[in-house]
Amino acid sequence: MNDSELDRMLKNAATTPATAPRGLEQMIMARVRVDDGRAKRMRSFVNWLLLLAAISGMVTAGVVGWAKAARDTTHTMPPAMELFRAGGAQ
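Parameters at a glance
Residues numbered from 1 in each chain as written. Predicted model: local features only at pLDDT ≥ 70, side-chain atom pairs only at ≥ 80, totals over all residues. Heavy atoms only, no water. Helix = DSSP H or I, 4+ residues; strand = E, 2+ residues; numbered from the N terminus. Buried < 20%, exposed > 50% of the residue type's maximum accessible area, 1.4 Å probe, protein only. Areas by Shrake-Rupley, 256 points an atom, 1.4 Å probe, with all protein chains shown as cover. Patch = residues over 30% accessible without salt bridge, like charges linked within 9 Å, V, L, I, M, F, W, Y side chains within 5 Å. Salt bridge = Lys/Arg side-chain N within 4 Å of Asp/Glu carboxyl O. pLDDT = per-residue confidence, 0-100.

A. Region of interest: the overall build of the protein. The number of helices and strands found in the protein is three helices and zero strands. Starting at the N terminus and walking to the C terminus, you meet the elements of the protein as α-α-α. Counting only residues that meet the buried cut, the protein has 3% of its 90 residues in that class. For the protein, the accessible area works out to roughly 8,100 Å², and carbon and sulfur atoms hold 66% of it.

Here is the structure:
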C-alpha cells in the first residue's frame, strides 16, 4: 500500500457516514489480503536468505578448515620419543 492509497482510504473513512461502513470494510479487507500475500512472500524470502547464509557459512568454514589442514605438517612424521631410541625401559 502506498501513501496515496492510504491517504485516500483514510479520507474515505473520515467522510463516510456511520451508516455505510460495509463498502469500506470490504475495501480494507481486500487490501489486508493483498498485504498478507506480500508479507508471506517477504517472510519466505527472508527464510531462504537465512538458510543460504547458514549453508554458505558452513561451506566456507569447511573450505578454510580443509585448506589449513592440508598445509599442516604437524602430523606428517611422528615425534621422536626417548622410549624408542633407548631400546626399551630399563
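B. Structural detail: a nonpolar patch on the surface. Taken together, the side chains of Trp48, Leu51, Leu52, Ile55, Met58, Val59 and Val63 define a hydrophobic patch exposed on the protein surface, amounting to about 720 Å² of accessible area. Inspection of the secondary structure assignment puts Ile55 in helix H2 (residues 21–71).

C. Quick peek at the pattern of salt bridges. Under the criterion given, the structure shown has one salt bridge. With a shortest N-O distance of 3.4 Å, Asp7 and Lys11 are connected by a salt bridge. Of this pair, Asp7 and Lys11 are both found in helix H1 (residues 3–15), four residues apart, which corresponds to roughly one turn of the helix. Taking the relative accessible area as the measure of exposure, Asp7 reaches 39% and is therefore partly exposed. Here Lys11 falls in the exposed class, since its relative accessible area comes to 54%.

D. Local environment of the confidence of the model for the protein. Counting all residues, the mean pLDDT for the protein is 81, and 83% of those residues have values of 70 or more. Between the elements of the protein, mean pLDDT differs from a low of 68, seen in helix H3 (residues 82–86), to a high of 88, seen in H2.

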